[in-house]
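Residues per chain are reported as follows:
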Amino acid sequence: MVLLQQPKLKTCRCGYRDKGNRNGIHFQFKKCGYTIHADLNGAINIAKAISGFAA
């Protein structure tokens, strides 16, 4: 079993972290303006973590 730790701060593909990036079911990253659905963002983060591409 693999246990993944959920990050406390939300990170964008540009690398900017801020707790305020999440707004309900969406992430809108304050630095670059990138917007993504929270579930899709989570799925991408999990895929990166299990594939070894997580930063």
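Residues numbered from 1 in each chain as written. Predicted model: local features only at pLDDT ≥ 70, side-chain atom pairs only at ≥ 80, totals over all residues. Heavy atoms only, no water.

Turning our attention to the overall build of the protein chain. Check the secondary structure of the protein chain and you find one helix and three strands. Overall, the protein chain shows an N-to-C arrangement of helices and strands of β-β-β-α. Relative to its full complement of 55 residues, the protein chain shows a buried share of 15%. Carbon together with sulfur atoms contributes 55% to the accessible area of the protein chain, which is approximately 4,500 Å² in total. (Helix = DSSP H or I, 4+ residues; strand = E, 2+ residues; numbered from the N terminus. Buried < 20%, exposed > 50% of the residue type's maximum accessible area, 1.4 Å probe, protein only. Areas by Shrake-Rupley, 256 points an atom, 1.4 Å probe, with all protein chains shown as cover.)

As a further point, take the confidence of the model for the protein chain. Averaged over every residue, the pLDDT of the protein chain is 76; the share at 70 or more is 75%. Here helix α1 (residues 38-51) stands out as the least confident element of the protein chain, with mean pLDDT 83; strand β3 (residues 35-37) is the most confident, with 90. (pLDDT = per-residue confidence, 0-100.)

Structurally, the position occupied by Q28 is in strand β2 (residues 26-28). What makes Q28 partly exposed here is its relative accessible area of 48%. In this structure the C-alpha to C-alpha distance between Q28 and C12, which are 16 residues apart in sequence, comes to 8.9 Å. If sequence neighbours within four positions are ignored, Q28 has contacts with N21, G33, Y34 and T35. (Contact = heavy atoms within 4.5 Å.)

The next point concerns the packing of aromatic side chains. According to the stated counting rule, one finds two aromatic pairs in the structure shown. Members of the aromatic cluster, joined through ring pairs, are F27, F29 and Y34. (Phe/Tyr/Trp six-rings, centres within 6.5 Å; stacked < 30°, edge-to-face > 60°.)

A separate point is the environment of N21. With respect to the element layout, N21 can be found in the segment before β1 (22-23). N21 sits 12 residues away from G33 along the chain, and the two C-alpha atoms are 9.6 Å apart.

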